[in-house]
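# Inside the fold
Here is how the chains run, residue by residue.
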Amino acid sequence: MPIHVLSPDVVSQIAAGEVVERPASVVKELIENSLDAGASSIGIEIRGGGVDLVRVWDNGTGIPAEEVDLAFAPHATSKIGSLADLDGGTSLGFRGEALHSMAHVARVELLTRTAGAATGTHISLRNGVVTEWGVRAAPEGTTVTVQHLFRDVPARLKFLKSAATEGHQVTSLVSRYCLAFPGVKFTLSVDGREVLRTPGSGRLRDAMAEVYGLDVAQAMLEIKTPAESAGDGTTPLVTGYTSPPSLTRATRGYLSLFVNGRWVQSRLLAGAVDKAYEGWLGVRRHPISVLNIAMGPGSVDVNVHPTKREVRFTQEPVVFNAVLGALRRVLSERAPIPEVRLAATWEPAPGQASGPPQLVRERPAAAQPPLPEPGRAPLPILRVLGQASLTYIVAEGPDGLYLIDQHAAHERVLFERALAERRQQAAGAQPLLEPLAVELSLKQEESLRSAGGALAQFGFVIEPFGGRTYLVRSVPALLAGKGLANAVKEAIDSLDDEAAGASEDERIARSLACHGSVRSGQVLSESEMKELVRQLEQTASPRTCPHGRPTMIHLSAGRLLREFGRA
Ligand code: ADP
Ligand code: MG
């Protein structure tokens, strides 16, 4: 092909990839336009994952009739006049690219009316060309409809995922905006079904109740601004909510960060959150946090990339410490203090050959280094002696004493049983006499819809009941009689736990095992203890629970001799 200049049309289609990558980016651009237009109510509708249709309407300022076609011109914006405006800017958009780009890769219609105008204006575009323009009755505000995204751009179409996945990205995106703008009323409908509606009360807790469910919203701890930093423009101000250490999720997907009202992803700040919870959370558990960080517009660069949500901070350590400090404060004020317990240092520390074990503040499991041994060595035959602290089974083996954590041991047993039954297609299901109604969060609802089949393989039967309520008709037999609502939700959450490095089946089995097993504090009869130890002996990895913590501590005969000064 001879060298030639690409037509402006082709250039537009290529450049469109920068802002319009997938349905979620269309939704993002349209929502941000509505927010920039001062809307207090924004409706979003998608069909076919947003590929067939995205529609966003708002009650914002609208666009004056004489500016409507200009809105679709490249680099046409009402938001900045010069680059300098960027620094002081508070608008979400400023590139003037979104509408232009969309019109080149989809069929776009816009209907708008400003407060002063008697009638609205309507415009349709195809391949960037206006096909219809006219006057029409319209409510105050703007409605944009984007249909058949990438239908005429096969090279881009083929990069889209399934409608379910694209739709999932849209709902997760809209959820973030609901949290970032609790003063705005949002509704989202997916394929004709309303999945989200926030009240727009201005209270973040109300928005969280819609997105995460009422129980989560009630448990969340509020991050208050310390009086000394209020009004001080130099340090970033962190507000929002974060979960107490007892309320965790198996994925990082419940961290929402907003910098000056803009949803961002930031490894730096995610790291600060992890650090704040260090020592509080179990292995692979993550908090739910919604953090608003306000800072001078000059301290943050949002102009890094048109679509990427990364931002650049001019003073990273300052922002990091602001987030860390805000979370640490609320956690230490509101969360329970870990108990002071006897450290399990059975082996005297070097240079400290005698003396009783030291009282130390026990470090929670998360902070401990990973166990070196995979726990696969088989167990010897053990003789049960009794139960200690209603938590440990005391047993004797050929080489000394064993303290077995009854919960961890039972978890191991149930975990392997659940997986074995699943493999043999023999999962025991327990139909419930009375179906159990559970209220799911949006995310849980989606996980259930996209990956619920895996749960069914374990014996769950869960049916939609209306709204976000679901009826549980049957559960895996090993959950019988336990706190079912929680068990069901955790099992659903486990579907979405990409970070855990385990297969979907393993994650489900782990969650079932955790809920189905005996708790510490539960009295066990001698025969129950014998049975549990016998079952543990038969597992493939008896020495660790499915989360990798030890099921037992071994006091070897030699160690006992030494401790008692007999050797
Ligand atoms: P940008 O948002 O970067 O300015 P867009 O292409 O998204 O660029 O929009 C172009 C212009 O169209 C905006 O600057 C704004 O004036 C107008 N506009 C777009 N959507 C809306 C809306 N929902 N309400 C009012 N004006 C809008
Ligand atoms: Mg815009």
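Residues numbered from 1 in each chain as written. Chains lettered and ligands numbered in written order. Predicted model: local features only at pLDDT ≥ 70, side-chain atom pairs only at ≥ 80, totals over all residues. Heavy atoms only, no water.

### Examining the overall build of the chain
In terms of regular secondary structure, the chain is built from 16 helices and 26 strands. By residue count, 47% of the 567 residues in the chain fall in the buried class. Contacts in the chain between residues far apart in sequence, at least 24 positions, make up 69% of those at least 6 positions apart. For the chain, the exposed area adds up to about 27500 Å²; of that, 54% sits on carbon and sulfur atoms. (Helix = DSSP H or I, 4+ residues; strand = E, 2+ residues; numbered from the N terminus. Buried < 20%, exposed > 50% of the residue type's maximum accessible area, 1.4 Å probe, protein only. Contact = heavy atoms within 4.5 Å. Areas by Shrake-Rupley, 256 points an atom, 1.4 Å probe, with all protein chains shown as cover.)

### Notes on the pairing of strand S12 (residues 255-259)
For S12, the buried fraction is high: 5 of the 5 residues fall into the buried class. Side chains of S12 alternate between two faces, with Leu255, Leu257 and Val259 and Ser256 and Phe258 buried alike. As judged from the 3 bridges shared by S12 and strand S13 (residues 262-264), these two strands associate in the antiparallel manner. Bridging from a neighbouring strand, Phe258 pairs with Trp263 of S13. In textbook terms, the turn of a hairpin is the stretch between consecutive antiparallel strands, and for S12 and S13 this stretch comprises 2 residues, one of which, Asn260, has a positive phi near 50°. (Pairing = 2+ DSSP bridges.)

### Description of a nonpolar patch on the surface
A grouping of Val130, Trp133 and Val135 is seen on the molecular surface, where their side chains present a nonpolar patch of about 300 Å² in accessible area. As for its position among the elements, Trp133 is in strand S5 (residues 129-136). For Trp133, a relative accessible area of 45% puts it in the partly exposed group. (Patch = residues over 30% accessible without salt bridge, like charges linked within 9 Å, V, L, I, M, F, W, Y side chains within 5 Å. Salt bridge = Lys/Arg side-chain N within 4 Å of Asp/Glu carboxyl O.)

### Observations regarding the site of ligand 1
Surrounding ligand 1, one finds 20 residues, the nearest of these being Asn33, Thr77, Ser78, Lys79 and Gly96. For ligand 1, a nitrogen atom lies 2.9 Å from a polar atom in the side chain of Asp58. Within the side chain of Ser78, an N or O atom sits 2.5 Å from an oxygen atom of ligand 1. Only helix H2 (23-36) and helix H4 (98-105) provide two or more residues apiece to the shell around ligand 1. Of the residues contributing to the shell around ligand 1, the split by class is 7 nonpolar, 9 polar and 4 charged. (Near = heavy atom within 4 Å. Polar contact = N/O pair within 3.5 Å; in protein donor to acceptor, adjacent residues only side chain to side chain. Nonpolar A, V, L, I, M, F, W, Y, C, P; charged D, E, K, R; others polar.)

### Observations regarding the pattern of salt bridges
Going through the model one piece at a time under the given rule, you end up with 20 salt bridges. In this structure, Lys28 and Glu29 form a salt bridge, with 3.1 Å as the shortest nitrogen-oxygen distance. Of the two residues examined, Lys28 and Glu29, each falls in the buried class.

### Things to note about the confidence of the model for the chain
Residues of the chain with pLDDT of at least 70 account for 85%, and the chain-wide mean is 84. When the criterion is pLDDT under 50, residues 336-362 qualifies, and its contacts beyond four places in sequence or with other chains add up to 29 contacts. Below a pLDDT of 50 lies the segment residues 364-375, which in the model reaches 18 contacts outside its immediate sequence neighbourhood of four places, other chains included. (pLDDT = per-residue confidence, 0-100.)

### Focus: the sheet that holds strand S22 (residues 400-405)
Across the sheet, 4 strands lie side by side as S20-S21-S22-S26; this open sheet has antiparallel pairing. Edge positions in the open sheet fall to strand S20 (383-388) and strand S26 (552-555), since each of these has one partner strand only. Strand-to-strand twist across the sheet, computed as the mean angle between neighbouring axes with direction ignored, equals 20°. For S22 and S26, the ladder comprises 4 bridges, and the chain directions are antiparallel. Counterpart to Leu401 in the pairing with S26 is Leu555. (Axes fitted to C-alpha atoms, helices over the stretch in contact; angles between N-to-C directions.)

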